[in-house]
Amino acid sequence: RKKLMWSHYADSHKGLCLVVEVPESLVYPVCYSGKRVFVDSNIDDILIKGKRTSKKLLKNKTIIDLPYEHKVALIKDQKWEYEKEYRIVLDESSPLLTVDSQNKFFFDLKIKRIYLGCRFEENKAEVKASILSACRDNNIGTQQMYMSKENYAIKAEKVVKYAKPEQEKILVSV
């Protein structure tokens, strides 16, 4: 429900946000640092001294033991700290990945819910229909984001699902 996140990552509110189930063992908090990373940087030092999103997910795992490539993926400029990000860290040897005939990697995730951006309606009709149809066919909860009339907040409305796509409508949650 953060407007900046929608602006940065969801095509200025025209996109969507997926809520997915991810094994906790693959999720790591991002480390925000003012120190830039170079090939000869002391990555462990940056990770130890940087500010993390959370230490909660580090209970039974240590970042220091991760491969170099994974560590680098966890470091981001401190100016982005407000995002409070987590990242999924894995590589091509992970049993959770599949590779297609064109050497593209896929990670099998269960989508629990989809939030449609405030400006989702501006997308092409076939794009909207395809997304809503996929949600309906796979029993994925769908919510439409909208700008509050009382303040500068973003709120969610439940999308009510009917048997036919043309009957779908938005209902305000209370």
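What counts, and where the lines are drawn
Residues numbered from 1 in each chain as written. Predicted model: local features only at pLDDT ≥ 70, side-chain atom pairs only at ≥ 80, totals over all residues. Heavy atoms only, no water. Helix = DSSP H or I, 4+ residues; strand = E, 2+ residues; numbered from the N terminus. Buried < 20%, exposed > 50% of the residue type's maximum accessible area, 1.4 Å probe, protein only. Contact = heavy atoms within 4.5 Å. Areas by Shrake-Rupley, 256 points an atom, 1.4 Å probe, with all protein chains shown as cover. Pairing = 2+ DSSP bridges. Right-handed = clockwise from strand over helix to strand, strands pointing away. Core = buried A, V, L, I, M, F, W, Y, C linked by side-chain atoms within 4.5 Å. pLDDT = per-residue confidence, 0-100.

Peer 1: Is there a simple way to think about the overall build of the chain in this case?
Peer 2: For the chain, the count of helices and strands is 4 helices and 12 strands. Burial status across the chain gives 32% buried among its 174 residues. Here the analysis covers contacts within the chain between residues at least 6 apart in sequence; of these, 60% occur between residues at least 24 apart. Just so you have it, the chain exposes about 11,900 Å², and 53% of that area is on carbon and sulfur atoms.

Peer 1: Help me out: how do you make sense of unusual backbone geometry in this one?
Peer 2: Glycine aside, the phi torsion of most residues is negative, and most peptide linkages are trans. For Asn103, which is not a glycine, the phi torsion comes out positive at approximately 60°. Phi at Asn139 takes a positive value of approximately 55°, unusual for a residue other than glycine. Note that Asn139 resides in the loop between helix H4 (125–137) and strand S10 (141–147). The class for Asn139 is exposed, based on a relative accessible area of 67%.

Peer 1: Help me understand the pairing of strand S9 (residues 110–116), please; the structure alone is not making it clear to me.
Peer 2: Across a regular strand the side chains alternate sides, sitting on one face of the sheet and then on the other. Sheet topology places strand S1 (residues 16–21) next to S9; 6 bridges connect them, and they run antiparallel. Counted as the bridge partner of Val20 is Ile111 from S9. Here S9 runs beside S10; their pairing, made up of 4 bridges, is parallel. Following the sheet pairing, Arg113 is matched in S10 by Gly141. In the classification by handedness, the crossover that spans S9, the intervening H4 and the parallel S10 is right-handed.

Peer 1: Where do I start with the environment of Leu26 in this structure?
Peer 2: Mapped onto the secondary structure, Leu26 falls in the loop between S1 and strand S2 (27–29). The class of Leu26 is buried, set by a relative accessible area of 11%. As for Leu26 and Leu90, which are separated by 64 residues in sequence, their C-alpha atoms are 6.8 Å apart.

Peer 1: Please clarify how the nonpolar core should be interpreted in this entry.
Peer 2: Buried together is how nonpolar side chains tend to be arranged in soluble globular proteins. In this structure, Tyr28, Cys31, Ile43, Ile46, Leu47, Ile63, Leu66, Leu74, Ile75 and Val89 together form the largest nonpolar core, which totals 10 residues. Take this core: its biggest share by element is 3 residues, from helix H2 (residues 43–49). The contact partners of Ile46, leaving out residues within four places of it in the chain, are Cys31, Ser33, Lys35, Arg36, Val37, Ser41 and Ile75. One finds Leu116, Phe120, Ile140 and Val159 within the second-largest nonpolar core, a separate group that totals 7 residues.

Peer 1: What exactly am I supposed to notice about the sheet that holds strand S3 (residues 31–33) here?
Peer 2: Two strands in a sheet stick together by hydrogen bonds in their backbones, pointing the same way (parallel) or opposite ways (antiparallel). Taken together, the 3 strands give an open sheet; going across it, the order is S4-S3-S5, and neighbouring strands pair in mixed fashion. The open sheet is flanked by strand S4 (51–52) and strand S5 (75–77), the only strands paired with a single partner. Summarising the sheet, S3 and S4 pair through 2 bridges and their orientation is antiparallel. Residue pairing across strands places Tyr32 opposite Lys51, the latter belonging to S4.

Peer 1: What should I look at first to understand the confidence of the model for the chain in this one?
Peer 2: As a note on interpretation, predicted positions should not be read in detail where pLDDT is low. Model confidence for the chain is summarised by a mean pLDDT of 82, while 86% of its residues fall at 70 or above. For the chain, per-element mean pLDDT is lowest for strand S12 (residues 169–171), which scores 44, and highest for S5, which scores 92. This model gives residues 167–174 a pLDDT under 50, and the stretch forms 22 contacts once residues within four places in sequence are excluded.

Peer 1: What should I look at first to understand the environment of Leu116 in this one?
Peer 2: Turning to its location among the elements, Leu116 is positioned in strand S9. Spatially, the C-alpha atom of Leu116 lies 5.8 Å from that of Met145, the residues being 29 residues apart in sequence. Those residues in contact with Leu116, other than ones at most four positions away along the chain, are Trp6, Gly15, Leu16, Ile131, Leu132, Thr142, Gln143, Gln144, Met145 and Val159.

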